[in-house]
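Inside the fold
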Amino acid sequence: MLDEVLYMQVRLFRLFRERTGLSSVASNEIFNRGGIWDFVTSCYDYLHLGSDEAALDDVLERLDHLGVTW
């Protein structure tokens, strides 16, 4: 299952970069500040049930809730 979680993290990171237009370095900093890497790991069972776009919306909602701006 670790491979599946990692694969989802990569897909969401890539989608985040595409949607925001940020660099890899800036995106990684945001993911670290918002705890998104751990969020995807801990919520994988829920997140993988929908589309990647829906999962990204959950990530963005979490970042907004935490006050992490980009």
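This text gives an overview of the structure that appears in the document. The residue count restarts for each chain, going from 1 along the sequence in the order it is written. Reporting in this predicted model follows two pLDDT cut-offs: at least 70 for local features of residues, and 80 or more for side-chain atom pairs to be given and counted; totals over whole chains, interfaces and linings ignore these cut-offs and use all residues. Hydrogens and waters are ignored; side-chain quantities use all the structure's heavy atoms.

1. Overview of the packing of helix α1 (residues 2-20) against helix α2 (residues 24-34)
Our working definition: Each axis is a line fitted through C-alpha atoms, and for a helix only the stretch in contact is used; angles between axes span 0 to 180 degrees, taken between their N-to-C directions. Strands are runs of DSSP state E lasting at least 2 residues, helices are runs of H or I lasting at least 4, and numbering of each runs from the N terminus. The handedness criterion is simple: a crossing whose near helix is rotated anticlockwise from the far helix by less than a right angle is left-handed, and one whose near helix is rotated clockwise is right-handed. Here a residue-residue contact requires only that any non-hydrogen atoms of the pair lie within 4.5 Å. Think of it as three bins: nonpolar holds Ala, Val, Leu, Ile, Met, Phe, Trp, Tyr, Cys and Pro, charged holds Asp, Glu, Lys and Arg, and polar takes everything else, Gly as well.
One can describe the packing of α1 onto α2 by two numbers: an axis separation of 10 Å at closest approach and a directional angle of 115°. The interaxial crossing formed by α1 with α2 has right-handed handedness. Residues L12, F13, F16 and R17 of α1 touch α2, and the partners they reach there are S24, S27, N28, I30 and F31. A breakdown of the residues in the contact of α1 with α2 according to their chemical character gives 5 nonpolar, 3 polar and 1 charged.

2. Some words on α1
As a reminder, the rule being used: Residue count minus one, scaled by 1.5 Å, sets the expected span of a helix. For the exposure calls, accessible area comes from a 1.4 Å probe over protein chains only, and a residue counts as buried if that area is under 20% of its type's maximum, exposed if over 50%, partly exposed in between. Note that the arc is computed from the directions linking the helix axis to the C-beta atoms.
Between its first and last C-alpha, α1 extends 27 Å over 19 residues, near the 27 Å set by a 1.5 Å rise per residue. Taken as a whole, α1 has its buried residues at V5, M8, Q9, L12, F13, L15 and F16. Taken down its axis, α1 places every buried residue within 170° of arc, on the same side. Structural note: α1 exposes D3, Y7, R14 and E18 on the side pointing more than 90 degrees away from its buried face. The inward-facing, buried residues of α1 abut α2, α3 (36-42), α4 (44-47) and α5 (52-66).

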